[in-house]
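Residues per chain, in single letters:
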Amino acid sequence: MKVSVFGLGYVGTVCAGCLAAEGHDVAGVDPVQIKVDFINQGHSPIVEPEIDGIIARHAKTGRIRATTDPIQAVIESELSFVCVGTPSQANGNLDLRFIRRICEQIGEALRTKDAYHTVVIRSTILPGTMHKVVIPTLEEFSGKKSGRDFGVCNNPEFLREGTAVADFRQPPKTVIGEMDTRSGDLVASLYEAIPGPLVRTDLRTAEMIKYVDNCWHALKIGFANEIGNLCDASEIDAQKVMDIFCEDRKLNISPAYLRPGFAFGGSCLPKDLRALSYHARLHDLQLPILNSVLPSNEIQIMRGLKLVMESENSRIGILGFSFKAGTDDLRESPMIEVIERLIGKGYDLRIYDRNVNIAALTGANREFILKRIPHISRLMVPRIEDVLAWAQTIVIGNSDPEFKQAPQKLRVDQCLIDFVRITTPERKYAPSSLAYA
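Residues numbered from 1 in each chain as written. Predicted model: local features only at pLDDT ≥ 70, side-chain atom pairs only at ≥ 80, totals over all residues. Heavy atoms only, no water.

Student: Now, about helix α11 (residues 269–282): what can you tell me, with residues and values included?
Tutor: Taking 1.5 Å per residue, 14 residues should reach 20 Å; α11 reaches 20 Å between its end C-alpha atoms and fits that length. Within α11, burial applies to P270, L273, S277 and A280. Each buried residue of α11 sits inside an arc of 95° when the element is viewed along its axis, so together they form one side. Of the residues flanking the end of α11, it is D284, one or two places downstream, whose phi is positive at about 55°. (Helix = DSSP H or I, 4+ residues; strand = E, 2+ residues; numbered from the N terminus. Expected span 1.5 Å × (residues − 1). Buried < 20%, exposed > 50% of the residue type's maximum accessible area, 1.4 Å probe, protein only. Arc of directions from axis to C-beta.)

This is the structure in structure tokens:
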């Protein structure tokens, strides 16, 4: 394939060199003449293991070259990668000057080009930038329509400085956000020989992925450092603790607990967070990450409460209020918090949870139910049908399989709010908590 790569910094140079090594004809584009000269002389304009040798080999064969002429580069290629920087502004927003300028240049070239061309953004951009900046700019300067006259994709990179070439060849995943299938197919064909999962999705999801990855990595580092500081204060070997922590691939280093939904509760997580924060205070340690977890959880409870109140119905039915499906444990259940606040605001409730119904009669929670929350126990009903027949708004509070068929049982005048996404249908976009009217 004939490919043009705009921006010969770390990402652009590595992409250009590695694509040339894969057998593609690559033209690097940069306004800085010295970078262009470096490439054409067979040298890398960046310091990165392996890349200098790759460029030297393929500059000799003519597989890679560089130019300052963006128009010619687009005319002579089928696909353009945009790899320019998106630095931070003082307020934290991205500076998109370079993105806009490159899109203007590519658009001007597309105005005079008859063949279909695909524009691929590899630069890290916030969700919505493709629709708000990239596509409008390309359309304005080309006079053409995206998805019809030219293609647009977002292809975030997952390259680390120092191992960028190895990361290109062995990526953790390849993500292609596509506006049209034709362009997505073209970009996907570039990665046929690259191992690892290839995910094709919509533009906004692809834009978001890089931010989720990087924020998660930053959170892991901050978390490990806070644990390290706490271990040091307690004369515990932090490396040994985290080595054991990382041995757990079932819960700790895994997809477990990484699905958006409702707040956590139960007998362990809230209690242990409070205890560790108290332990840190005894040692005069600040743990801003760990100390922010419970307030973040409280915000999620308030989001759930707001969803219910926005339904503007007075009769509320709750399906599931133990902190987890398959248990009768009500300790620090976030649903109890929601229920109590709704009662306090004057809403009329009916509550069903088959496990808690049993516990109210014989289980370990009997005393807790009858003495601590008698005002709630009086609202409990014995069958799911009692809730569905009575309520105007139905709230699913835990993932008991019994609740999966709730949408099929609704009347046209009822609203369903699913905190745990147990009823989430396949759709292009689904909010973390779904409300059906």
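Student: Break down the packing of helix α9 (residues 203–233) against helix α10 (residues 238–247) for me, citing the residues and quoting the values.
Tutor: For any two helices packed against each other, the geometry is given by the interaxial angle and the distance between the axes. As a packed pair, α9 and α10 sit with axes 9 Å apart at the nearest point and diverge in direction by 135°. When the axis of α9 is compared with that of α10, the two are oblique. In this structure, the crossing between α9 and α10 has a hand that is right-handed. Side by side, α9 and α10 meet where F223, A224, I227, G228 and C231 of the first sit next to A238, V241, M242 and F245 of the second. Residues that form the contact of α9 with α10 fall into these classes: 8 nonpolar, 1 polar and no charged. (Axes fitted to C-alpha atoms, helices over the stretch in contact; angles between N-to-C directions. Parallel < 35°, antiparallel > 145°, perpendicular 65-115°, else oblique. Left-handed = near helix turned anticlockwise from the far one by under 90°. Contact = heavy atoms within 4.5 Å. Nonpolar A, V, L, I, M, F, W, Y, C, P; charged D, E, K, R; others polar.)

Student: Help me get a handle on the UniProt feature "binding site: substrate" (unreviewed entry) in the protein, residues and values and all.
Tutor: When the UniProt feature table is mapped to this numbering, "binding site: substrate" (unreviewed entry) covers F158, L159, R160, E161, K210, Y257, L258, R259, P260, G261, G265 and K324. The greatest C-alpha distance among the residues just named is 42.4 Å, and with 167 residues of sequence between them they are spread in space as well. Lining the largest cavity, from this annotated set, are F158 and L159. Among the secondary structure elements, L258 is positioned in the loop between α10 and α11. Mapped onto the elements of the fold, P260 is located in the loop between α10 and α11. Among the residues examined, P260 registers a relative accessible area of 51% and is labelled exposed. (UniProt positions renumbered as here; feature names shortened; annotations may be inferred. 1 Å grid on protein atoms, 1.4 Å probe; cavity = no way out; pocket = protein on both sides within 12 Å on 5 of 7 lines; lining within 4 Å.)

Student: So, the domain arrangement of the protein: which residues are in play, and what are the values?
Tutor: Per the domain assignment, the segments of the protein are domain 1 (2–202) and domain 2 (259–436). For domain 1 and domain 2, the distance between their C-alpha centroids amounts to 47 Å. (Domains from an automatic or database assignment.)

Student: Run through the UniProt feature "binding site: NAD(+)" (unreviewed entry) in the protein, naming residues and quoting values.
Tutor: When the UniProt feature table is mapped to this numbering, "binding site: NAD(+)" (unreviewed entry) covers D30, K35, T86, T124, E161, K271 and R331. The annotated residues occupy 302 residues of the chain and do not converge on a single region, their most distant C-alpha atoms lying 62.6 Å apart. From this annotated list, the subset lining the second largest cavity comprises T124. On the basis of relative accessible area, T86 is assigned to the buried category, the value being 15%. Not counting residues up to four positions away in its chain, the partners in contact with T86 are L94, D95, L96, I99, S123, T124 and I125.

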